[in-house]
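A structural walkthrough
Each chain is listed here by its residues.
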Amino acid sequence: MSDKWVVTNIRDFMEKATRCGMVFKAVGNPKGSIIIFYDMYCPGCALMETDLGDYFKELRNKGIDIIYVDFPVHKVDMLHAKARVIYKRNPDDFLKLIDSVYGDMINKGNLVKDFDVNDAEAKLELENVKNCKLAAQSIGVKGTPTVVIAKYGRETATAVFGYLGPQEIMDLVTRELF
C-alpha cells in the first residue's frame, strides 16, 4: 500500500535535507534529486534498496543527486547515528553498509544489532538523526520507505510513502525528472 502527495515547500525542505541527509552528488550538473527516507529495520526499505540500489547509483551519472535521510521508526536512532559516522568517514562505505544490512534482512531474516563505531562518536550524530526526523515531518512523511522526487527549479515535488515496486518507482522517476 502506498500514499502519494505533492510537497509544496520543496525549496525549504531541500535546504534541510542537504544539511541533515547523507548526500551523494550527481556527476556533472544536477537536474534533480531523489530523497530516500529510510529505517535500518524497515522491510520495505530493504526490498527497495535490493531492487533499486544499483539504479539509484546509476542515476547519479544522469545528473540526479541521491540523498538518504534518517527516519528511524523502529527506535534504532543510535544505529542510524553510527551509520552517519560511517558515511562521514567514507560515503561509499555507507552504501556498502546499506547493501549489507538490507541484504541480510531480505536473504537471512537478520536485523543488524550494531556497527563498529564508538558510541561516544555516534552520540555526536544523534542530533542530526533528530533533525532528519523533524525535516521529514515538515513535509508530511509518516513512515518508511518514503521517496521524494524533486526536479531542481520546480516549486513542488512528488512524495510516495510505501514501496510501489521497481517498475513503478522507475516510471515515476522518469516522469518527474527526465
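Anyway, here's the lowdown on the structure attached to this text.

Procedures and definitions
Residues numbered from 1 in each chain as written. Predicted model: local features only at pLDDT ≥ 70, side-chain atom pairs only at ≥ 80, totals over all residues. Heavy atoms only, no water. Salt bridge = Lys/Arg side-chain N within 4 Å of Asp/Glu carboxyl O. Helix = DSSP H or I, 4+ residues; strand = E, 2+ residues; numbered from the N terminus. Buried < 20%, exposed > 50% of the residue type's maximum accessible area, 1.4 Å probe, protein only. Pairing = 2+ DSSP bridges. Right-handed = clockwise from strand over helix to strand, strands pointing away. Axes fitted to C-alpha atoms, helices over the stretch in contact; angles between N-to-C directions. Parallel < 35°, antiparallel > 145°, perpendicular 65-115°, else oblique. Left-handed = near helix turned anticlockwise from the far one by under 90°. Contact = heavy atoms within 4.5 Å. Nonpolar A, V, L, I, M, F, W, Y, C, P; charged D, E, K, R; others polar. Phe/Tyr/Trp six-rings, centres within 6.5 Å; stacked < 30°, edge-to-face > 60°. Lys NZ or Arg CZ within 6 Å of the ring centre and 35° of its normal. Expected span 1.5 Å × (residues − 1). Polar contact = N/O pair within 3.5 Å; in protein donor to acceptor, adjacent residues only side chain to side chain.

Glancing now at the pattern of salt bridges. Tallied over the entire structure, the rule returns 14 salt bridges. Between Asp-99 and Lys-57 there is a salt bridge, and its shortest N-O distance comes to 3.0 Å. In this pair, Asp-99 is assigned in helix 4 (residues 91–108) and Lys-57 in helix 2 (residues 43–59), connecting sequence segments 42 residues apart. The exposure class of Asp-99 is partly exposed, given its relative accessible area of 31%. Here Lys-133 makes a salt bridge to Asp-77, at a shortest N to O gap of 2.7 Å. One end of the pair, Lys-133, is in helix 6 (residues 126–138); the other, Asp-77, is in helix 3 (residues 77–89), and 56 residues separate them in sequence. Judged by its relative accessible area of 21%, Lys-133 is partly exposed. Counted as one network, the salt bridges with shared partners bring together Asp-70, Arg-84, Lys-88 and Glu-125.

In terms of residue burial, strand 4 (residues 64–70) counts as a mostly covered element, since 7 of its 7 residues are buried. Pairing between strand 2 (residues 22–24) and strand 4: 3 bridges, direction antiparallel. Residue Val-23 lies in a different strand from strand 4, and its bridge partner there is Ile-67. For strand 3 (residues 32–38) and strand 4, the ladder comprises 7 bridges, and the chain directions are parallel. The residue bridging Tyr-38 from the neighbouring strand is Asp-70, located in strand 4. On the question of chirality, the crossover connecting strand 3 to the parallel strand 4 by way of helix 2 is right-handed.

Turning next to the packing of helix 1 (residues 10–20) against helix 6. Interhelical geometry of helix 1 versus helix 6 gives an angle of 160 degrees and a closest axis separation of 9 Å. In terms of orientation, helix 1 and helix 6 fall into the roughly antiparallel class. The two elements helix 1 and helix 6 cross, and the hand of that crossing is left-handed. Of the residues in helix 6, those touching helix 1 at Phe-13, Lys-16 and Cys-20 are Asn-128, Asn-131, Cys-132, Ala-135, Ala-136 and Ser-138. Of the residues in the contact of helix 1 with helix 6, the class split is 5 nonpolar, 3 polar and 1 charged.

Applying the stated rule across the entire model yields 9 aromatic pairs. An angle of 85 degrees between the planes, with centres 5.9 Å apart, marks the rings of Tyr-38 and Tyr-68 as edge-to-face. On the criterion of sequence distance, the pair formed by Tyr-38 in strand 3 and Tyr-68 in strand 4 is long-range, its members being 30 residues apart. Between Tyr-38 and Phe-94, the ring centres sit 6.1 Å apart and the planes meet at 70 degrees, which makes this aromatic pair edge-to-face. Highlighted residues: Tyr-38 in strand 3 and Phe-94 in helix 4, separated in sequence by 56 residues. Exposure class is identical for Tyr-38 and Phe-94. Each is buried. A cation over a ring is seen here: Lys-142 above Trp-5, with NZ or CZ 5.8 Å from the ring centre.

Let us look at helix 4. Taking 1.5 Å per residue, 18 residues should reach 26 Å; helix 4 reaches 25 Å between its end C-alpha atoms and fits that length. Residues of helix 4 that are buried: Phe-94, Leu-95, Leu-97, Ile-98, Val-101, Tyr-102, Gly-103 and Met-105. Buried residues in helix 4 make contact with strand 2, strand 3, helix 2, strand 4 and helix 3. For helix 4, the side-chain oxygen to backbone nitrogen distance between the N-cap and Asp-92 is 3.0 Å, and the N-cap itself is Asn-90. Once helix 4 finishes, Gly-109 follows within two positions and takes phi at roughly 75 degrees, a positive value.

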